[in-house]
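Given next are the chains, with one letter for each unit.
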Amino acid sequence: MRIGDTLVARHTTADVVTTVAQRLCAPGPQLAVGSVNLDHLHHFRPGRNRILDQPEWLWLADGAPVAWRGARLGGAPWPRVTGADLLVPLLDLGAAHGV
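The text that follows walks through the structure, step by step, so that each part is easy to find. Source: prediction; values computed, not measured.

**What about helix H1 (residues 13-23)?**
Thought 1: All of the buried residues along H1 are Val16, Val17, Thr19 and Val20. For H1, the buried positions fall inside an angular range of 165 degrees around the axis, keeping them on one side. Away from its buried face, by an angle of more than 90 degrees, H1 presents the exposed residues Ala14 and Gln22.

**Brief notes about the sheet that holds strand E1 (residues 2-3)**
Thought 1: Strand order in the open sheet formed by four strands is E1-E2-E4-E3, and the pairing between neighbours is mixed. Taken across any chain shown, the strands that pair with only one partner, and hence form the sheet edges, are E1 and strand E3 (31-36).
Thought 2: Inspection of the sheet shows E1 paired to strand E2 (residues 6-9) by two bridges, in the antiparallel sense. Across the sheet, Ile3 pairs through a bridge with Thr6, a residue of E2.
Thought 3: Against the sheet, H1 makes contact with E3 and strand E4 (56-61), and its axis sits at roughly 160 degrees relative to E3, the strand it touches most.

**So, the packing of H1 against helix H4 (residues 83-96)**
Thought 1: Relative orientation of the contacting elements H1 and H4 amounts to 30 degrees, with a least axis distance of 10 Å. As judged from the angle between their axes, H1 and H4 are roughly parallel. Viewed along their axes, H1 and H4 form a crossing whose handedness is right-handed. Residue-level inspection shows Thr13, Val16, Val17, Val20 and Ala21 of H1 in contact with H4, the latter providing Asp85, Leu86, Pro89, Leu90 and Leu93.
Thought 2: Considered class by class, the residues forming the contact of H1 with H4 number eight nonpolar, one polar and one charged.

**Considering the pairing of E3**
Thought 1: Judged by which residues are buried, E3 turns out to be one-sided: Ala32, Gly34 and Val36 face inward and are buried, whereas Leu31, Val33 and Ser35, on the alternate face, are not.
Thought 2: With six bridges connecting them, E3 and E4 associate as parallel partners. Note that in E4 the partner of Leu31 across the bridge is Glu56.

**Concerning the pattern of salt bridges**
Thought 1: With the rule as written, the count across this model stands at one salt bridge.
Thought 2: Between Glu56 and Arg23 there is a salt bridge whose closest N-O contact spans 3.3 Å. In this pair, Glu56 sits in strand E4 while Arg23 sits in helix H1, placing the two residues 33 residues apart along the sequence.
Thought 3: Classification of Arg23 by relative accessible area gives partly exposed; the value is 23%.

**Brief notes about the packing of aromatic side chains**
Thought 1: Tallied over the entire structure, the rule returns one aromatic pair.
Thought 2: Their ring planes at 5 degrees and their centres at 4.6 Å tell us that Trp57 and Trp59 sit as a pair that is stacked.
Thought 3: Stacked on the ring of Trp78, the Lys or Arg Arg10 has its end atom at 5.9 Å from the ring centre.

How each quantity is defined
Residues numbered from 1 in each chain as written. Predicted model: local features only at pLDDT ≥ 70, side-chain atom pairs only at ≥ 80, totals over all residues. Heavy atoms only, no water. Buried < 20%, exposed > 50% of the residue type's maximum accessible area, 1.4 Å probe, protein only. Helix = DSSP H or I, 4+ residues; strand = E, 2+ residues; numbered from the N terminus. Arc of directions from axis to C-beta. Pairing = 2+ DSSP bridges. Contact = heavy atoms within 4.5 Å. Axes fitted to C-alpha atoms, helices over the stretch in contact; angles between N-to-C directions. Parallel < 35°, antiparallel > 145°, perpendicular 65-115°, else oblique. Left-handed = near helix turned anticlockwise from the far one by under 90°. Nonpolar A, V, L, I, M, F, W, Y, C, P; charged D, E, K, R; others polar. Salt bridge = Lys/Arg side-chain N within 4 Å of Asp/Glu carboxyl O. Phe/Tyr/Trp six-rings, centres within 6.5 Å; stacked < 30°, edge-to-face > 60°. Lys NZ or Arg CZ within 6 Å of the ring centre and 35° of its normal.

Here you go:
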């Protein structure tokens, strides 16, 4: 789903951990994971501050209103993935890969 200039990915927590694991030591641009909530939409709306395309960004629905909108647009539940959901799995993944 696109919100303003931001493409929000439809991923579960497990999907994100798998994607990060695949990209962790792979060549190519680094992967950055960001969360989209109402505050994000305010600060990064079109015509405002932009985050550069490098690294490659994976934007996730963090806020309930964003996940709700994705569900309405897509006709199916949209996973809400927060930083708190990802913190321990991604730290464990980094530790297992020595990064």
